Amino acid sequence: MDLAANLQAVQSRIAAACARAGRDPAAVTLVAVTKGQPPRVVRAAADLGLTLFGENKVQEARAKISLCPGRLHWHLIGHLQSNKARDAVHFFELIHSVDSLALAAEIQKQADKVAKNVPVLLEVNIAGEASKFGHPPEKLLADLPALNALRRLEIHGLMTMAPWSPEPEKARPVFRRLRELKGACEQILGAPLAHLSMGMTGDFEVAVEEGATLVRIGTALFGERPAVKG
Ligand SMILES: *Cc1c(COP(=O)(O)O)cnc(C)c1O
């Protein structure tokens, strides 16, 4: 695995997608997804200038973060169980995966205990896949006032995962729909939302064309993940 070459390739693909869409590449932030990767891989990435990392499990991240340089930034991108909300509030600068009002309420409760505001994204299950987490779009709009009333949560935008497909174009309607939903949420909130977290190794260029501000990329940077249990 040549991490430097992979990083350069990913960055130039993001830049090319931005050029096609008339977007400023500075408006797209790469979240390097290090789930399943050991701390030495994070350190190698940090040596190349990467500072923002995404993890999908609280326990794995907690152990890893303590072994990595303290100046790095960590986002939670995977499903959060309520009983891990306390740790999530402590370890992550942004939680991409707030997928229900119940979870949001638990994050509020834990954040209140430590008097901390928690930046979050609301995960949406656009395609309605049973295997994925996230608010159904209609439910998101219905629950938004209640979500917004949780004072410790700072809602910064939306996140989605497109259904897996070998054809990136299949993801386009999903990403477009997330962008439209962001607009609908902004109307309800009466305030702009900064972020659309969408796009992974298989579909990030389409996501950037459709307005992604955070792309979550693992495999294209680090290669196939070592097999993980659970
Ligand atoms: C693993 C994961 C990614 C990155 O996936 P790759 O295909 O390896 O780039 C992005 N988002 C979430 C939520 C993930 O769990």
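Below you will find a few notes about this structure.

### Remarks on the pattern of salt bridges
Inspection of every chain in the model, using the stated rule, returns 17 salt bridges. The salt bridge partner of Glu167 is Lys170, with a shortest N-O separation of 3.2 Å. Note on Glu167: relative accessible area 43%, which makes it partly exposed. A relative accessible area of 52% means that Lys170 is categorised as exposed. Across the pair Glu169 and Arg172 runs a salt bridge, and its minimum N-O distance is 2.7 Å. In this structure Arg172 comes out as buried when scored by relative accessible area, which is 15%. By sharing partners, the salt bridges in this structure join Arg20, Glu169, Arg172, Arg176, Arg179, Glu209 and Glu210 into a single network.

### Structural notes on the nonpolar core
Side chains of nonpolar character tend, in soluble globular proteins, to be buried together. Ranked by size, the top nonpolar core spans 65 residues in total, and within it Ile95, Ile107, Leu158, Val215 and Leu221 carry the most contacts. The biggest single contributor to this core is helix H1 (residues 3–21), with six residues. Ignoring sequence-local partners within four residues, the contact set of Val215 consists of Ile14, Val28, Thr29, Leu30, Val31, Met198, Gly199, Phe204 and Val208. Core analysis: the second largest hydrophobic core is formed by six residues, Val31, Leu52, Leu94 and Leu121 among them.

Conventions adopted
Residues numbered from 1 in each chain as written. Predicted model: local features only at pLDDT ≥ 70, side-chain atom pairs only at ≥ 80, totals over all residues. Heavy atoms only, no water. Salt bridge = Lys/Arg side-chain N within 4 Å of Asp/Glu carboxyl O. Buried < 20%, exposed > 50% of the residue type's maximum accessible area, 1.4 Å probe, protein only. Core = buried A, V, L, I, M, F, W, Y, C linked by side-chain atoms within 4.5 Å. Helix = DSSP H or I, 4+ residues; strand = E, 2+ residues; numbered from the N terminus. Contact = heavy atoms within 4.5 Å.

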